[in-house]
Amino acid sequence: MHLAKGLEFRAVVVMACDDGVLPLQSRIEAVADEAELDEVFDTERHLLYVACTRAREHLLVTGVSPGSEYIQDLRQQSH
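Residues numbered from 1 in each chain as written. Predicted model: local features only at pLDDT ≥ 70, side-chain atom pairs only at ≥ 80, totals over all residues. Heavy atoms only, no water.

A. Quick peek at the overall build of the protein chain. Each helix and strand in the protein chain was counted, giving 3 helices and 2 strands. The linear arrangement of helices and strands in the protein chain, starting from the amino end, is β-α-α-β-α. The dimensions of the protein chain, computed from C-alpha atoms along their principal axes, are 40 × 30 × 25 Å. Burial status across the protein chain gives 25% buried among its 79 residues. At a minimum sequence separation of 6, the contacts of the protein chain that also span at least 24 residues come to 75%. Roughly 5600 Å² of accessible area belongs to the protein chain as shown, and the carbon and sulfur atoms make up 54% of that amount. Between the averaged position of the 7 positive side-chain charges in the protein chain and that of its 14 negative side-chain charges there is a distance of 13 Å. (Helix = DSSP H or I, 4+ residues; strand = E, 2+ residues; numbered from the N terminus. Buried < 20%, exposed > 50% of the residue type's maximum accessible area, 1.4 Å probe, protein only. Contact = heavy atoms within 4.5 Å. Areas by Shrake-Rupley, 256 points an atom, 1.4 Å probe, with all protein chains shown as cover. Lys, Arg positive; Asp, Glu negative; His and termini not counted. Charge placed at Lys NZ, Arg CZ, Asp CG, Glu CD.)

B. A look at the environment of Val64. Its place among the elements puts Val64 in the loop between β2 (55-61) and α3 (70-77). The exposure class of Val64 is exposed, given its relative accessible area of 53%. Counting along the chain gives 45 residues from Val64 to Asp19, while the straight-line C-alpha distance between them is 8.2 Å.

C. Focus on the nonpolar core. In this structure, Val12, Val14, Cys17, Leu22, Leu48, Ala51, Cys52, Tyr70 and Ile71 together form the largest nonpolar core, which totals 9 residues. At 3 residues, helix α2 (residues 34-52) tops the list of elements feeding residues into this core. With sequence-adjacent residues up to four places away left out, Val12 is seen in contact with Ala51, Arg54, Ala55, His58, Leu59 and Leu60. (Core = buried A, V, L, I, M, F, W, Y, C linked by side-chain atoms within 4.5 Å.)

D. Region of the structure containing unusual backbone geometry. A cis amide bond, omega 5 degrees, links Leu22 with the succeeding residue Pro23. By the secondary structure assignment, Pro23 is in the loop between β1 (9-14) and α1 (25-29).

E. Structural view of a negative patch on the surface. There is a patch of like negative charges on the surface, built from Asp33, Glu34, Glu36, Asp38 and Glu39. Along the chain, the position of Glu39 falls in helix α2. (Patch = residues over 30% accessible without salt bridge, like charges linked within 9 Å, V, L, I, M, F, W, Y side chains within 5 Å. Salt bridge = Lys/Arg side-chain N within 4 Å of Asp/Glu carboxyl O.)

F. Layout of the packing of α2 against α3. Contact geometry for α2 and α3: axes closest at 11 Å, N-to-C directions at 55 degrees. The orientation of α2 with respect to α3, classified from their angle, is oblique. In the crossing of α2 with α3, the sense of the turn from one axis to the other is right-handed. On the side of α2, the interface is formed by Phe41, Glu44, Arg45, Leu48, Tyr49 and Cys52, while α3 contributes Tyr70, Ile71, Asp73, Leu74 and Gln77. Broken down by class, the residue content of the contact of α2 with α3 amounts to 7 nonpolar, 1 polar and 3 charged. (Axes fitted to C-alpha atoms, helices over the stretch in contact; angles between N-to-C directions. Parallel < 35°, antiparallel > 145°, perpendicular 65-115°, else oblique. Left-handed = near helix turned anticlockwise from the far one by under 90°. Nonpolar A, V, L, I, M, F, W, Y, C, P; charged D, E, K, R; others polar.)

G. Spotlight on a nonpolar patch on the surface. On the surface, Val13, Met15 and Leu60 cluster together to form a nonpolar patch covering roughly 320 Å² of accessible area. Looking at where Leu60 falls in the secondary structure, it is placed in strand β2.

If you want it as structure tokens, here you go:
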């Protein structure tokens, strides 16, 4: 997802949008304070948004249950 910024593709697949993967659990556990935790959440949410908006025609987002809490955010933004 880090490499997708500024690019555009006909089809995009964003994989492993699972709880614990997005946001990455190891990043959450490494934070020192609440402000840093907020920054991690915002950064991870933004990365998913950027990756999903690179698709011109087709977007497939995959994951296993429980899915990332950010998937609901994407659904709300698309309406």
